[in-house]
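Coordinate analysis (summary)
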Amino acid sequence: MKNINNSGHNLKSFIDEDLIWSEMEKATNPEPAQVRDILTKAKERKGLTPFEAAVLLKNTDKDLDNEIFETAMEVKRGIYGNRLVLFAPLYISNECVNQCAYCGFNAENKDLNRRTLSSEEIRKEVEVLEKIGHKRLLLVYGEHPKYNADWIAQTVRDVYSVTSDKSGEIRRVNINCAPLDVDGFKKLHDVGIGTYQCFHESYHQETYKKVHLAGKKTDYLWRLYAMHRAQEAGIDDVGMGALFGLFDPIFEVMGLLYHAKQLEKDCGVGPHTISFPRIEPAQGSELAFNPPYLSSNHNFKKVVAVLRLAVPYTGLILTTRENADFRTELLEVGVSQISAGSRTYPGAYSDPQYDRPDVQQFCIGDSRSLDEVIRSLIEGEQSYVPSWCTACYRLGRTGEHFMELAKTGFIQKFCLPNGLLTFKEYLEDYGSEETKKLGNELIRKELDSYADPDRRKLLTDRVTRMEAGERD
Ligand code: SAM
Ligand code: SF4
């Protein structure tokens, strides 16, 4: 593990823009044979180089694009089966000293009512989320001097402290906050956060500078090395991302992959997750209404498919920024985690006065409830098993250890059955009658598909005991 200077100075960017441009140029107009060779390699689930990813993204032949989607589906199914992790974001604060040109929370947006939840208010939000059936939360914060590591750590303790009736408890708290120094990250590690998430927004320095107008976030290198510092502090599940719409999406995908490679080289493990938010309209941001690099749905789907092939064992996260139908398409080509029933204003889950579309951080494309999302996952042409399993995290199987296990078929063997049990728990404790009926049919079908009779019996017994009230 490389020691990362706390101040972020004396460090150089490992994003070599000249190299990315020259590789993008070289990848232009690829021959079909080259695309197919790369797809053959991708099927081995060993990942792709940034250049190979660029070749797939530069392809313009529609038939070959379909082959890219099919290969991504095959790789996704092979590793993750039909398991899908569900979570909800919990916005803790929207006070922010930064001026990110794309974000409704930017300091210049004088029309936004600023709010920072107290411990009591956080607990109220968590109670509501637990009563809906959520088990995993992503806490989201603006950047402000008063949100220091001690304060953020307390908000995490607040969340973990709430246990409602039935199986209600939050089992994994992930964090999306401004980058901290190593000591700050240690404090988050000590309170048991799951993944530390931070999106680099744009890997292209000039664009980065153009859209970050004031505040600490203007410091490209401080942000670029955030994942390294988190790893140094012991947080070995880190989540990267780029905000699509700011710059050339192919450049951003390559930036993400070079970032992942560097982490792997310096820290021994790449990112646990990658997110790819697309810019949505946001109050007080002209740029968000008119993003300079808008991708078509087809090209965005390709971004997701190519990421799946390039980093097969990294979780791909999709939020409610995208609409319901498109989310379904993206699930098929690679997404492994989705948020559902989201609100993006602090307090909006528990207090109807904050649950208004005009005050959220950005426009939400999928406003269905958790139960509705789950029902559609079961009913769809391709049914998915929603999972709230956090066993790996609870047993310390994180970072490099998790990645090694994932490569051995662990997700299919262990995560899927565990996920099935957490799904049963959801249906028993929180599912609507209709969802429960459909969900139980799906569970039965899944159990019937187990070839090993001992395993099938073990799981069937657990499911029966859960119906009688037993919980994990
Ligand atoms: N303040 C922290 C930061 O900037 O890293 C964390 C919270 S910030 C609200 C989380 C993410 O929201 C940002 O990293 C950015 O990618 C995304 N975001 C901001 N404005 C957006 C918009 N208009 N549409 C979609 N996503 C947006
Ligand atoms: Fe603040 Fe984050 Fe929004 Fe930027 S993206 S304005 S740092 S909340």
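Anything mentioned here points back to the structure above.
In this report, the structure presented in the accompanying data block is examined.

The helix and strand inventory of the protein stands at 20 helices and nine strands. Its C-alpha atoms give the protein principal-axis dimensions of roughly 60 × 55 × 40 Å. Residue pairs in contact within the protein that sit at least 24 positions apart in sequence constitute 75% of those at least 6 positions apart. A total accessible area of about 19,000 Å² is found for the protein, and carbon and sulfur atoms account for 47% of it. One finds the centroid of the 61 positive side-chain charges in the protein at a distance of 3 Å from the centroid of its 71 negative side-chain charges.

The next subject is helix α5 (residues 119-132). Between its terminal C-alpha atoms α5 stretches 20 Å, which fits the 20 Å expected from 14 residues at 1.5 Å a residue. Within the sequence span of α5, burial applies to Ile122, Glu125, Val126, Leu129 and Glu130. Within α5, the buried residues cover an arc of 135° as seen down the axis, which keeps them to one side. Residues of α5 that are buried in the fold lie against β1 (83-91), β2 (136-140) and α6 (149-160). A positive backbone phi angle near 120° is found at glycine 133, which sits one or two residues after α5.

Moving on, we get to the packing of α6 against helix α7 (residues 182-190). Where α6 contacts α7, the axes come no closer than 9 Å and their chain directions differ by 15°. The orientation of α6 with respect to α7, classified from their angle, is roughly parallel. Here α6 runs over α7; the crossing is right-handed. Packed against α6, whose contacting residues are Ala149, Asp150, Ile152 and Ala153, the element α7 presents Gly184, Lys187 and Leu188 at the interface. Of the residues that constitute the contact of α6 with α7, the class distribution is four nonpolar, one polar and two charged.

This part is about the state of the cysteines. Under the criterion given, the structure shown has zero disulfides. With no disulfide of its own, cysteine 198 has cysteine 177 as its nearest cysteine by sulfur position, at a separation of 7.9 Å. For cysteine 198, a relative accessible area of 4% gives the class buried. Unpaired in this structure, cysteine 267 has its nearest cysteine sulfur neighbour in cysteine 198, at a distance of 14 Å. Classification of cysteine 267 as buried rests on a relative accessible area of 13%.

What counts and how
Residues numbered from 1 in each chain as written. Chains lettered and ligands numbered in written order. Predicted model: local features only at pLDDT ≥ 70, side-chain atom pairs only at ≥ 80, totals over all residues. Heavy atoms only, no water. Helix = DSSP H or I, 4+ residues; strand = E, 2+ residues; numbered from the N terminus. Contact = heavy atoms within 4.5 Å. Areas by Shrake-Rupley, 256 points an atom, 1.4 Å probe, with all protein chains shown as cover. Lys, Arg positive; Asp, Glu negative; His and termini not counted. Charge placed at Lys NZ, Arg CZ, Asp CG, Glu CD. Expected span 1.5 Å × (residues − 1). Buried < 20%, exposed > 50% of the residue type's maximum accessible area, 1.4 Å probe, protein only. Arc of directions from axis to C-beta. Axes fitted to C-alpha atoms, helices over the stretch in contact; angles between N-to-C directions. Parallel < 35°, antiparallel > 145°, perpendicular 65-115°, else oblique. Left-handed = near helix turned anticlockwise from the far one by under 90°. Nonpolar A, V, L, I, M, F, W, Y, C, P; charged D, E, K, R; others polar. Disulfide = S-S within 2.5 Å.

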